[in-house]
Amino acid sequence: MSSAREQAWREEREAKVIPITKHRGATVPHPAEAPEGSEAPEGSAGPATPHAAEAVAQAVGNALSGPLGGIAGRLLGNGWEQRAANGLAFLRRRLTGDYEIDEFGFDQELTEQVFLSLMRPIADRYFRVEVRGAEHLPAEGGALVVANHSGVLPLDALMTQVAIHDHAGRHLRMLAADLVFVLPGAGELARKAGHTLACNEDAQRLLENGEIVGVWPEGFKGIGKPFADRYKLQRFGRGGFVSSALRAGVPIVPCSIVGAEEIYPMIGNAKTLARLLGLPYVPITPTFPWLGPLGALPLPTKWVIQFGEPIHTDAYPPEAADDPMLMFNLTDQVRETVQHTLYRMLVQRRSVFF
């Protein structure tokens, strides 16, 4: 479409009132109710009409109920019909745009059906994550989970998200670094998975909305530290996470993760290449870059995620967040709790891999 035609289409669309679906403060245009005559620009991949989605779902359903049904039964085992029906219903909602997101862009259905389903086998079978202390996570209401960060890539954050969902029935809303939202595609995926930029304003809004928010205060200093410094916590910043918890009056739950440090033993850092690429570091490990793509495969270490007893903040008034000494003391308390728990877990660990 020419630029003049596209501009005319946009002006015409903006001049018309489109019904919207509301969800947790978000306003999302419902494509099935868009006004007639509003032609989409060429090359745009808008949601399919309900009739087209029904046709696709019906075609797939007919195929599975026909000769493919027997093959599917042998390959997928018992209960495949229900799983197929759920998958077709999910496909229909995706094609018609009949799904909801919140004001931060969180797509709960996509997170549960796709993101968590892809990460769960990695957590359960590859890293064999053992979760302890899940009872310290509140069943409802806001809470701030503060964890150590390690492993070159932020896989520890993703595994923590799976652990909280599967063991506490809650969704973890992570505070991510700026870099995540400037990488092509990564920012959009992070938003849909429920995560947002690491800033006090967003953190406080999520906490006040009753969400579990996750923060890794070490940042790149934690995941990019040398292997020789494993399990030694780096500086926790200026305690902005404590300020958000105090203003929202929610508990702080310390989280200690053992096993992530060894997935990519970082023995060097290609600093010149990192500067050229605009990255905080480019790791050199015993397998990367020497083995090429195979060297990017993380080592199958055994993980333990321990949630500690919550540190309650509801006894403090909201203005306590402006007291720098209190901020320092609470930040130091959280850091020391995580560090001592790591030491205790390392003493109890018998093997890195088993």
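Residues numbered from 1 in each chain as written. Predicted model: local features only at pLDDT ≥ 70, side-chain atom pairs only at ≥ 80, totals over all residues. Heavy atoms only, no water.

S.K.: Would you take a moment to explain the packing of aromatic side chains for this structure?
M.R.: Note on aromatic pairs: each is described by the distance of the centres and the angle between the planes. For the structure shown, the criterion picks out three aromatic pairs. Each ring, one from Phe-127 and one from Trp-303, has its centre 4.6 Å from the other, and the planes form 25°; the classification is stacked. Of this pair, Phe-127 sits in the loop between α5 (108-126) and β3 (130-132) while Trp-303 sits in the loop between β10 (283-284) and β11 (304-307); the two residues are 176 residues apart in sequence, bridging distant segments of the chain. Taken individually, Phe-127 and Trp-303 each receive the classification buried, so the pair is uniform in this respect. Relative to Phe-241, the ring of Phe-236 lies with its centre 6.2 Å away and its plane at 80°, an arrangement referred to as edge-to-face. By relative accessible area, which is 4% here, Phe-236 ends up buried. (Phe/Tyr/Trp six-rings, centres within 6.5 Å; stacked < 30°, edge-to-face > 60°. Helix = DSSP H or I, 4+ residues; strand = E, 2+ residues; numbered from the N terminus. Buried < 20%, exposed > 50% of the residue type's maximum accessible area, 1.4 Å probe, protein only.)

S.K.: Explain unusual backbone geometry to me, please; I cannot follow it from the model alone.
M.R.: Both trends apply: most residues other than glycine have a negative phi, and most peptide bonds are in trans. Put simply, Phe-288 and Pro-289 share a cis peptide bond, and its omega is 10°. With respect to the secondary-structure elements, Pro-289 resides in the loop between β10 and β11. Unlike most non-glycine residues, Tyr-231 shows phi in positive territory, near 65°.

S.K.: Can you walk me through the nonpolar core in this structure?
M.R.: Taken as a class, soluble globular proteins show a tendency for nonpolar side chains to be buried jointly. Val-145, Ile-257, Trp-303, Ile-305 and Phe-307 are the most contacted members of the largest nonpolar core, which has 38 residues in total. Only α5, β4 (143-147), α6 (155-168), β5 (172-176), β8 (252-258) and β11 provide two or more residues apiece to this core. When residues of this core are assigned to their parent elements, the largest contribution, six residues, is made by α6. With sequence-adjacent residues up to four places away left out, Val-145 is seen in contact with Leu-137, Ile-164, Ile-212, Val-213, Gly-214, Val-215, Val-253, Cys-255 and Phe-307. Grouped together as the second largest cluster of nonpolar side chains are 30 residues, Phe-236, Val-250, Ile-252 and Val-338 included. (Core = buried A, V, L, I, M, F, W, Y, C linked by side-chain atoms within 4.5 Å. Contact = heavy atoms within 4.5 Å.)

S.K.: Looking at this structure, I do not really get the pattern of salt bridges. What am I missing?
M.R.: Two side chains bearing opposite charge may form a pair once their charged atoms approach each other closely. Enumeration over the complete set of coordinates arrives at 13 salt bridges. Between Asp-166 and Arg-120 there is a salt bridge, and its shortest N-O distance comes to 2.8 Å. Placement of the pair is Asp-166 in helix α6 and Arg-120 in helix α5, with a sequence separation of 46 residues. Judged by its relative accessible area of 36%, Asp-166 is partly exposed. With a relative accessible area of 22%, Arg-120 lands in the partly exposed category. The salt bridge partner of Asp-202 is Arg-205, with a shortest N-O separation of 3.8 Å. Taken as a pair, Asp-202 and Arg-205 lie in helix α8 (residues 200-208) at a separation of three residues, close to a single helical turn. With relative accessibility at 13%, the residue Asp-202 sits in the buried group. According to the relative accessible area criterion, Arg-205 is partly exposed, its value standing at 37%. Among the ionic contacts, a cluster of salt bridges with common partners joins Asp-102, Arg-173 and Glu-211. (Salt bridge = Lys/Arg side-chain N within 4 Å of Asp/Glu carboxyl O.)

S.K.: Looking at this model, I keep getting lost on the pairing of β11. Mind explaining?
M.R.: Where a strand is regular, its side chains alternate between the two sheet faces. Where burial is concerned, the two faces of β11 agree: the one with Val-304 and Gln-306 and the one with Ile-305 and Phe-307 are both buried. Where β3 and β11 come together, three bridges link them in parallel fashion. Considered in β11, the bridge of Val-131 is made with Ile-305. One ladder, built from four bridges, connects β8 with β11; its direction is antiparallel. Counted as the bridge partner of Ser-256 is Gln-306 from β11. (Pairing = 2+ DSSP bridges.)

S.K.: Which parts of the structure should I look at to understand empty space enclosed by the protein?
M.R.: According to the stated counting rule, one finds one cavity of 30 Å³ or more in the structure shown. Reported here for the largest cavity is a volume of approximately 60 Å³. Gly-151, Val-152, Gly-222, Ile-223, Lys-225, Pro-226, Phe-227, Glu-261, Tyr-264, Pro-265 and Met-266 together form the lining of the largest cavity. (1 Å grid on protein atoms, 1.4 Å probe; cavity = no way out; pocket = protein on both sides within 12 Å on 5 of 7 lines; lining within 4 Å. Points joined across faces, edges and corners; volume = space filled by probe spheres on them.)

S.K.: I keep staring at the sheet that holds β5 and nothing clicks. Help me out?
M.R.: Taken in spatial order, the seven strands make up an open sheet running β3-β11-β8-β4-β7-β5-β6, and their pairing is mixed. Pairing within the sheet leaves two strands with one partner each, and these edge strands are β3 and β6 (196-197). In this sheet, strand β7 (residues 212-215) lies alongside β5 in parallel orientation, the contact comprising three bridges. Counted as the bridge partner of Arg-173 is Val-213 from β7.

S.K.: Which parts of the structure should I look at to understand the side chain of Ser-256?
M.R.: If you trace the backbone, Ser-256 turns up in strand β8. Taking relative accessible area as the criterion, Ser-256 reaches 2% and is therefore assigned buried. Polar side-chain contacts of Ser-256 include one of 3.3 Å to the backbone oxygen of Val-338. Residues in contact with Ser-256, not counting those within four places in the same chain, are Asn-148, Val-304, Ile-305, Gln-306, Val-338, Thr-341, Leu-342 and Met-345. (Polar contact = N/O pair within 3.5 Å; in protein donor to acceptor, adjacent residues only side chain to side chain.)

S.K.: Any chance you could explain the environment of Ala-296 here in plain terms?
M.R.: Relative to the elements of secondary structure, Ala-296 occurs in the loop between β10 and β11. Classification of Ala-296 by relative accessible area gives partly exposed; the value is 39%. Placed 32 residues apart in sequence, Ala-296 and Tyr-264 show a C-alpha to C-alpha distance of 8.3 Å. Sequence-distant contacts of Ala-296, that is, excluding residues within four places in its chain, are made with Tyr-264 and Phe-288.

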